[in-house]
Number of protein chains: 2
Amino acid sequence: MGNSQTEWFWSKYEEYRSYVNRYIENYLSNLDIPSELRNASSHLILSGGKRVRPVFVLSVSELLGGDIEHGLPVATAIEFLHNFTLIHDDIMDQDMFRRGVKTTHVLYGVSTAILAGDYLFSLVFGLVSRNYEGDEARFLTQLLAEASENICIGQAMDIKPEKYVENVDDYIEMVYLKTASLIEASTASGAVVAGRLDLVDRFKEMGRSIGIAFQVADDILGLVGDPSKTGKPVGNDIRNGKRTLPVLYVLDKMDKDEYDFFMSVFGNEAADEESVRRAINLVVKYGGIEYAREFMGEYSKKAMDVLKDFDDSDAKIFLLNLIEFIVSRDK
Amino acid sequence: MGNSQTEWFWSKYEEYRSYVNRYIENYLSNLDIPSELRNASSHLILSGGKRVRPVFVLSVSELLGGDIEHGLPVATAIEFLHNFTLIHDDIMDQDMFRRGVKTTHVLYGVSTAILAGDYLFSLVFGLVSRNYEGDEARFLTQLLAEASENICIGQAMDIKPEKYVENVDDYIEMVYLKTASLIEASTASGAVVAGRLDLVDRFKEMGRSIGIAFQVADDILGLVGDPSKTGKPVGNDIRNGKRTLPVLYVLDKMDKDEYDFFMSVFGNEAADEESVRRAINLVVKYGGIEYAREFMGEYSKKAMDVLKDFDDSDAKIFLLNLIEFIVSRDK
């Protein structure tokens, strides 16, 4: 992207984002509920976030001639669903910080945090059933119910990766369920609120491809990203033993000594920097990074291909830039 | 009820229950999900339960000429929603046993139990959106989303009763939200699946009244129930400091000495039996039990009144008996 196009892209992104933020803030502040529940449910969602899923809803809807206002309730529902999963994931992973602030369970206790997540989840379907009718309501409810089920199943796989994520295929399945299915629901919801039920399947495919490319980009950054940009130490994912795409690809390609060495570092939080660097080099040597980059490229191309059939428009250029940004980001 | 009518009632109850149980078992065993998630999500729901909410769905539907098979998906959705709340409540209350078996988080750990509840919750809306269409789907989604929101709000009040439950009105509000709103959704769903959208509001009112009467019956049993039947020690609710209807009614009626004595026993788990008995006597003396019985009678009458306008049928007699049973049970 040229400089002026970059500027244009980010100002359009910010425009979508502020529509969503205004709707969210207004919605949360009008809820007539105990203050404890309101504060705990609002804490994470009001402490930042890129709102990339709502942005997909609104920009796909705009591409297809939809009206922004009409997309806001489901865009918000999807952001609530996302934040519900984050609040519960943080309890499960015992994470203390997210988005630079303390996690909900650290601030409000585990019980209230469980409840805050449950409440956000219940608002998802309230938002949809109160703001849409007929086929629109049915499609949106189905998309969000499916995504919710998928996220839980993906999370169950992710809790025990040693049992459920043995190879590249398992991994893609897990990433689809846990991450891509909500982006799939976002882009497809954009088609629904634009009144284009005939395009739901194609925009599901687009979102699915974006979601998988998004996660693989993360995997690559976790291994060979620049720590000064990602904010994470070199080889963080190696020390944490994260079974990412590049790692799964090379595991059965190393010779025995290399494999034994790799496994002595992988998941070893006390591993020294030199060993971590050598482990990463093994992933590079056996083509793990290259494979992941190609894989990501294929999926981002698939996503962009869906856009080919549509006339040029601001929304189309925006979406192409957004997909490009997702796979080429350095943090 | 005469003996033969009692028998007839329970055999009809059991008939509804086994329809639901068969549907639930079949549904859960056909899910293609990680075994850990399936086991944790199924554990509580397959370990018993009265299925009173699904029974309300099916019997109201039958009263209005609906078909049992057609009501089963939403009856199951409501039972899933109920079990989701129980699994999460048990984590919040750190309860070890329910329905005579270990709770889900004790067996599978807190993380998997949170996830199991979330997953059941996500199935609720999947069941509705996949099995119903048009107005039916929209009404059912709205009823279940509203009930879910209410349950979370009620639970938030119940976590801090000292803050949110000061008087009888707060209490009824809390009971409505936490307990009655799901029974309201059950009876109203029965009207929806029978195709009687015009009767949804009246059957909501019926369910709401039943739910409140149901909880007040529990409150009375918790104070003056026969421990050999309820299975709970005398004055359990006094030792636990439970702000129930009879207690809230009398709190401002005692003189200062009585009040001070009552508060020294209320919520004091180490209180001796004699003190607990004296505390209960204070509730009786100031008309707490009498008030609660009248209150319950009014609400059960309200519920039964809804049935007056319908021609006599097996389903009508069954529902009248079921309401009667709920308020006159001794355990």
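All of the points below concern the structure found in this document.

The rules behind the values
- Residues numbered from 1 in each chain as written.
- Chains lettered and ligands numbered in written order.
- Predicted model: local features only at pLDDT ≥ 70, side-chain atom pairs only at ≥ 80, totals over all residues.
- Heavy atoms only, no water.
- Axes fitted to C-alpha atoms, helices over the stretch in contact; angles between N-to-C directions.
- Helix = DSSP H or I, 4+ residues; strand = E, 2+ residues; numbered from the N terminus.
- Left-handed = near helix turned anticlockwise from the far one by under 90°.
- Contact = heavy atoms within 4.5 Å.
- Nonpolar A, V, L, I, M, F, W, Y, C, P; charged D, E, K, R; others polar.
- Parallel < 35°, antiparallel > 145°, perpendicular 65-115°, else oblique.
- Least-squares fit on C-alpha atoms with pLDDT ≥ 70 in both.
- Phe/Tyr/Trp six-rings, centres within 6.5 Å; stacked < 30°, edge-to-face > 60°.
- Lys NZ or Arg CZ within 6 Å of the ring centre and 35° of its normal.
- Buried area = accessible area lost by both parts, 1.4 Å probe.
- Salt bridge = Lys/Arg side-chain N within 4 Å of Asp/Glu carboxyl O.
- Polar contact = N/O pair within 3.5 Å; in protein donor to acceptor, adjacent residues only side chain to side chain.

### A few points about the packing of helix H3 (residues 52-63) of chain B against helix H17 (residues 314-328) of chain B
Residue and element names in this part refer to chain B. As a packed pair, H3 and H17 sit with axes 8 Å apart at the nearest point and diverge in direction by 145°. The way H3 lies across H17 gives a crossing that is left-handed. Between H3 and H17, the contacting residues are Val55, Phe56, Ser59, Val60, Glu62 and Leu63 on the first element and Ala315, Lys316, Phe318, Leu319, Leu322 and Ile326 on the second. Classifying every residue of the contact of H3 with H17 gives 9 nonpolar, 1 polar and 2 charged.

### Observations concerning the packing of helix H1 (residues 3-29) of chain A against helix H3 (residues 52-63) of chain A
Residue and element names in this part refer to chain A. Where H1 contacts H3, the two axes come as close as 9 Å, and the packing angle between them is 105°. As summarised for this structure, H1 and H3 are arranged roughly perpendicular, according to the angle between their axes. Residues Lys12, Tyr13, Tyr16, Arg17 and Val20 of H1 pack against Val52, Pro54, Val55, Leu58, Ser59 and Glu62 of H3. Among the residues forming the contact of H1 with H3, the class breakdown is 7 nonpolar, 1 polar and 3 charged.

### Description of the relation of the copies chain B and chain A
Superposing chain B onto chain A requires a rotation of 180° together with a translation of 0.0 Å along the rotation axis, leaving an RMSD of 0.0 Å. The two molecules are tied by a two-fold rotation axis, judged by turn and shift. When C-alpha positions in chain B are compared against the rotation axis, the closest is assigned to Gly134(B), at 2.7 Å. When the interface residues of chain B are mapped onto chain A, 100% of them again lie at the interface, so the same face is used by both copies.

### Focus: the packing of aromatic side chains
For the structure on display, the rule yields 32 aromatic pairs over all chains. Here Tyr13(B) and Phe318(B) contribute two aromatic rings whose centre-to-centre distance is 6.3 Å and whose plane-to-plane angle is 40°, an arrangement assigned as tilted. You can see Tyr13(B) sitting in helix H1 (residues 3-29) and its partner Phe318(B) sitting in helix H17, a full 305 residues away along the chain. Here the aromatic cluster, defined as three or more aromatic residues joined through ring pairs, consists of Phe9(A), Trp10(A), Tyr13(A), Tyr16(A), Phe318(A) and Phe325(A). Taking the ring centre of Tyr249(A) as reference, the NZ or CZ of Lys253(A) above it sits at 3.9 Å. Here Arg278(A) stacks its cationic end above the ring of Phe261(A), 4.1 Å away from the centre of that ring.

### Regarding the interface of chain B and chain A
A common way to state how big an interface is: give the accessible area lost once the parts meet. In this complex, chain B contributes 40 residues to the contact, which on the side of chain A involves 40 residues. Taken together, both faces of the contact between chain B and chain A bury some 3600 Å²; the carbon and sulfur share is 69%. Scanning the region where chain B abuts chain A turns up 6 salt bridges. For Lys160(A), the salt bridge is made with Glu36(B), and the minimal N-O distance between the two is 3.6 Å. Taken together, chain B and chain A are joined by 10 residue pairs in polar contact (both at pLDDT 80 or more). Of all the secondary-structure elements, those providing two or more residues to the side of chain B that touches chain A are helix H2 (35-43), helix H4 (68-93), helix H6 (110-131), helix H7 (134-159) and helix H8 (161-164) of chain B. With 14 residues, the single largest contributor to the side of chain B that touches chain A is H7(B). Tallied by class, residues from the side of chain B that touches chain A come to 20 nonpolar, 11 polar and 9 charged.

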